Every structure is written in structure tokens, then in C-alpha cells.
Amino acid sequence: MNDMTTPAIERVWPELGGGRVPAWIYSDETLFERELERFHHGRCWSYVGLECEVPTPGSYRRSFVGVKPVLITRDEAGEIHVLENRCSHRGAPVCWRQRGKGKKDLVCPYHEWTFSLSGELQGVPFLRGTRPHPGMPRDFNKAEHGLRRLKSTVRGGVIWASYALDAPDFETYAGPGVLRALDRTFPGRPLRLLGYSRQTIPANWKLYFENSRDPYHATLLHSFFSTFGLYRADAEFDIQPLDNGHETIRSFFASTAADNRSEVTDELKSIKEGFALEDMGVVTPFDEFGDGVISSLQLFPSVMVQQHANTLAIRNILPKSVRETELSWTYYGYADDDEEMHRRRMKQGNLVGPSGYVSLEDSEVLAQLQPVADNYPDSVQVIEMGGREIGPTTTAITETLLRAFYAFYRREMGL
Amino acid sequence: MAAPDRSNAELRAALRDFYEDYAASLDDLRLEDWAEFFTDDALYRVMGRETYDQDLTHSTIYCDGGAMIRDRAAALRRTAVYEPRLMRRFVSGVRVLEDSDDEIQAEANFMISEAMYDRPARLFLAGQYKDCIVRTEAGFRFKARTAVYDNYSIPITLILPV
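Because the structure is a prediction, the values reported are computed rather than measured. Residue positions are given per chain, counting from 1 as you read along its sequence in written order. Key to labels: chains lettered from A, ligands numbered from 1, both in the order written. Residue-level local features of this predicted model are given only where pLDDT is at least 70; pairs of side-chain atoms are given and counted only at 80 or more, and the full residue set underlies all totals for whole chains, interfaces and linings. Heavy atoms from the whole structure form the basis of all side-chain values; hydrogens and water molecules are not counted.

1. So, the sheet that holds strand β5 (residues 122-136) of chain B
All names here are of chain B. This is how the line gets drawn: Strand pairing is defined by DSSP finding a minimum of two bridges between the two strands. Strands here are runs of E lasting at least two residues and helices are runs of H or I lasting at least four, both read from the DSSP assignment and numbered beginning at the N terminus. Note on geometry: axes are C-alpha line fits, over the in-contact stretch for helices, and angles between N-to-C directions span 0 to 180 degrees.
Read across the open sheet, the 6 strands follow the order β2-β1-β6-β5-β4-β3; overall the sheet is mixed. Looking at strand neighbours, the two that pair on one side only are β2 (61-64) and β3 (85-99), the edges of this open sheet. Between one strand axis and the next, the sheet turns by 25 degrees as a mean value, whatever way the strands run. Bridge count for strand β1 (residues 38-48) against strand β6 (residues 139-149) is 7 bridges, and the pairing is parallel. In the sheet register, R45 faces β6, and the bridge partner there is T146.

Below, the structure written as C-alpha cells:
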């Protein structure tokens, strides 16, 4: 049978490959479905939560892998499980509460089918019927009707899950570069959950994914960053495109940078001279890892993990539809943080999030970009800053990570 | 039907005026005036319901002291880049929980509408203020204000204080 839905735009990637991005990738519904199937609901590993969010046996909370709602549970033995929140009977969500503890089992409210915390079907009301009427057929096998279970793993207190039971293990998927960056802030030291901020951005998920691997914009759009020397084009960077769509960015902060003028800073209109804060605690990092580094990493497709000054946060990038993305921020510290460090994290929490001094412009600009992508699907974007090559670099003035991402994306999507 | 609760009626009326003046300062983008509604040792927080209910501390906006409150106002003026918009704050259900000589513990509901210049207004945020108010020579001042929003997720960006 012929495909009746001819796309209005012919899907041909423009010339100059990785240095060009066609706008139709942000609005094509079919492509969106294929991305979810291939990446989020396919063989990739996604972030689902922190171990400290389900601290005790019987704890549970809801989360997402791609667009699919899942449950994180901790069973009686202390094992973590990631299950689809979807009853094997009629598909009703089994758990309606966002989180909780002290659960012995999971009972679907619709027909009270009961599952263990690891997802096995344990009880079906009227399994044998009401005499003389039969119940479920004699050959109904409870073992075949558990909640769908994802492959999951815990590393350094972070819970990851994959829909593919035969996916490569998490460490192989993440690779050494990402693991090194991840282990720096998740060395296995017990975590302290600080809380959540979430925002819904009316933009395709890839626009956010790109934004948070684009250091070029960060030095220009976020003038708060440059003004206080937290992240500036004249700083030293270590930018690494990595396999499987991942990347790491490290920059080395100098506490005196705010006073330094240079040829590079003169180019930045975004530095607001004469603007000082009354409380400099927000922009005064304490070098808690002893390396003078500000770091971020992206583990494709679900997450950016960041350490800006002493703000530690996970940005979970959740596609909701081709034109909508939820950005779910989880903030954490360490269980042994003293009161001073905790206060510092609270204060510096103002830097990022839906009201962040150095992030609020991101959701604003992406909300502006989506309608343009919708209205000009055949337009082509240019990502050539720093050249056309893909590779590591030591400057923030680069789009190498975007080129690396689209080289990966095209290969995976066959585009 | 129970008779209306007239206890604290005068105080509640005065608080309503105070809350409405506060809301007007933000609706009118008089951010420097907004900062004046707080004592110099005030704690101002905007938090999600899920975080608040778990007794966690992260705040979407966190200002510990008048300096941080004034900094928030100044940073919005000097550095923030955002789509121009009109916002209106609606405050109702003012309740006095406790009134001692020193402090008033009070709560109120808020609703905020947001309109971009080329799009109709929509419900942006709804939630509850949890306040500690002191009487000063200049009138009421917030010693602590926590705005707990019920939204699971903030539509796009929370630019202005709540």
C-alpha cells in the first residue's frame, strides 16, 4: 500500500551536512514518533530519579521515560525497580500519587489487580469467579501479566532505566568521558534531596538539548553570567563531544574574572558595567571539588547534569509532544553538607531553574524559536562557529557540540 | 449555616489592603517598591507544592535578606532578557492564623494571569502565600513570605516575583 501521508516538506538534509540544520526537524510529527521509538523508548538509557527519592523499602515515586509514565519502587529487600505505571489488565495507571512510602504492594484502583513492588501480578479479584460463574480462564497465568519492567541500574545514587532489556550496560552506553564527569558529583557520597522546579517550554525537545550544549550563546545571552565572571568567553574551557550523543563541558573559573577586561570581553555587549550585587554570595563559588571547575554533561537523550558554582542540579529533558518539552529540575546536595554549604546551595539555586539568573533566557528564547521553525520548515540554520569540524576545543566560542550532535542524530535517524 | 467569622475582621481588612498594594507593585513592575514590602532580615521564597510538602528547602526563587530581594529586582532590570508581558495578581482568602504583639501569621490564595502582547491572557500560576508579618512604624512588612505554587510545572519562565 502506498503511504498516503506525503510530507509537505521533502526530508532531505541540506548541503554542508553537520554545519546545517533544517527547521523541519523541530515540527515533523512523524519524525518525533520515530525519535521516541528509537531513542527514549528504544535502546538508550534515561535518567529517572535519585535513590534518595525512594529512601526506604516501600518507597515509590512517579517519573517518566520519554513520554511514558513510570514508577520507581524500592522493594522489601531494598532493590530499586523501574516499572511502567500501567496496569496489565486494562491499562489504568496503577499509582495515582506522585510519591509516598510504606507500600506493601501496588493495587490498581480500577479492578484492584495487585502487584508486588517489583511488578509481579499477585492477585486478581474473583480469579475463580462467583460460583457457578467462572472467573478468569483456567490457563490464565499470573506470571505472564506483571507490570512492564524496564532495565534499571543505580550508579552513585542516580537511577537510570532503559526500555531495551538487551541494551548495553549503562557504563558502556555512557562511556568513560561521561562517567568521569558524572562520578565527580556523584561519587557515591550520600545525597540530600533539596527539591524540584519544573517548567514547560513550548518548543521541540531538541531545541533544549542543543541549547544546553551551546556555550557560544551562554556567554552572550546570559549577561548575568558574563558580568560576574562565572562563565565567560575569555575563560579556559574543555569541551568534548562524545559517543552516543553525549558531551562534557568544563570551564575553569577565576574569582577575579569580574574585574578583568580583555579583548574578548570588549566584544561582549552583555557585560553590564557598574552592576554590582549587594549579596555576592549568589556568585561566589566555594571550590568544593578542589579543581576550580564548573562542569556540565549531557547524557543523551534525557538529561543534562550540571554543577554551576555550588548549585548541583539535574535537568531532565522530557519531550511531551513535538512542540512541547518539560524541563524538570532536581536539586541536590550531600547528606554531610554543613549549614553554611546548604545555605550557599540555596542562594546559588537562584542561578538556574525557571527563574534562574543564568537560565531564564533559555526558555524565553526557545519559546520564540518554535513558531519560527513551524512557519519556516524549509529554512536552514547555520552552525559553523569555530569551523565545520567536529572535535574537542578549549574555547566557548564554538558550535562543535551541535555539529557533533547532528552528525550522531543523522546517522541514528537515517537522515 | 454558620455565622460569618468576624474575629480579626479589622486586621484581615488591613492585611487585604497590604496584600493588594504588594500585588499592585508587581503588576506595575515597580520592582524597587516591591522590595520595600520586606524587612531587611526577611526570607522570601517561591516554591513548588511538591517541594514544600516534603519539607525540602529548594526554592525556585530564594532571597535570604533584603539585599537578595533588592538584587533580584536589580538583576531583572539590568540583566534579564525576556518577552514583554502583562501579569495580574489576584489575592483572596486572607486568613489570620495567629496574631501576637510581635508577629502575624497569615495565609492567602493567589492567582496570576499572564498575557503576552500578541496572545490572550491565561492562568499562569495559582497557589498560597504563607506569611509572617510584622508591624513597623511604616506599616506592615513581611518578615517571611513563602509563595507555594500548586502548578506541577511553570508555563515557560517565572520572570517576576510572586
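2. Some details on the sheet that holds strand β5 (residues 80-84) of chain A
All names here are of chain A. A sheet is described by the order of its strands in space; here 4 strands give the open sequence β5-β4-β3-β6, paired in antiparallel fashion. With one partner strand each, in any of the chains shown, β5 and β6 (99-100) form the two edges of the open sheet. Relative to β5, strand β4 (residues 68-74) runs antiparallel, the two being bridged by 5 bridges. Within β5, the position partnered with T73 by the bridge is H81.

3. Observations regarding the interface of chain A and chain B
Note the cut-off: Pairs of residues are marked as contacts when any of their non-hydrogen atoms sit within 4.5 Å. What counts as buried area is the accessible surface, traced by a 1.4 Å probe, that two parts surrender upon association, with contributions from both included. Any Lys or Arg side-chain nitrogen located within 4 Å of an Asp or Glu carboxyl oxygen qualifies as a salt bridge.
Counting residues at the interface gives 40 residues for chain A, matched by 33 residues for chain B. Where chain A abuts chain B, roughly 3,500 Å² becomes buried across the two surfaces, and 50% of that area is made up of carbon and sulfur atoms. At the junction of chain A and chain B, the tally comes to 5 salt bridges. Here B:R70 and A:E278 are joined by a salt bridge, their closest N and O atoms 2.8 Å apart.

4. Describing the side chain of B:T146
Residues and elements named next belong to chain B. Selection rule: Summary of the burial criterion: residues with accessible area below 20% of their type's maximum are buried, those above 50% are exposed, and those between are partly exposed, where the area comes from a 1.4 Å probe applied to protein chains only. Under the rule applied, a polar contact is a pair of N or O atoms within 3.5 Å (in protein, one hydrogen donor and one hydrogen acceptor; residues adjacent in sequence only if both atoms are side-chain atoms).
Structurally, T146 is set in strand β6. Residue T146 is classed as buried on the basis of its relative accessible area of 6%. One polar contact links T146 to R45, side chain to side chain, over a distance of 3.2 Å. Among all residues touching T146, those that are not within four sequence positions of it are R45, M47, Y52, Q128, Y129, K130 and D131.

5. Things to note about the confidence of the model for chain B
Put simply, the test is: On a range of 0 to 100, pLDDT expresses the predictor's confidence in each residue.
With 99% of its residues at a pLDDT of 70 or more, chain B shows a mean pLDDT of 96. Listed scores for the predicted complex are pTM 0.94 and ipTM 0.95.

6. Looking at the packing of aromatic side chains
The line we're drawing: Each Phe, Tyr or Trp ring (for Trp, its six-membered ring) is paired with any other whose centre lies within 6.5 Å, and the angle between the two planes then decides the class: stacked below 30 degrees, edge-to-face above 60, tilted in between. Only when the NZ atom of a Lys or the CZ atom of an Arg is both within 6 Å of the ring centre and within 35 degrees of the ring normal do we say a charge sits over the ring.
Per the stated rule, a full pass over the model turns up 39 aromatic pairs over all chains. With centroids separated by 4.9 Å and ring planes inclined at 75 degrees, the aromatic side chains of A:F405 and A:Y406 adopt a geometry described as edge-to-face. In this structure A:F405 comes out as buried when scored by relative accessible area, which is 0%. Centroid distance B:Y19 to B:Y129: 6.2 Å. Interplanar angle 55 degrees. Geometry classified as tilted. Of this pair, B:Y19 sits in helix α1 (residues 9-27) while B:Y129 sits in strand β5, and the two are 110 residues apart along the sequence. In this structure B:Y19 comes out as buried when scored by relative accessible area, which is 1%. By relative accessible area, which is 1% here, B:Y129 ends up buried. Ring pairs connect the aromatic residues B:F18, B:Y19, B:Y22, B:W34, B:F37, B:F38, B:Y44, B:F110, B:Y129, B:F140 and B:F142, which therefore count as one cluster. Taking the ring centre of A:Y334 as reference, the NZ or CZ of A:R189 above it sits at 3.9 Å. The ring of B:Y19 has B:R145 sitting right over it, with the charged end atom 4.8 Å from the ring centre.

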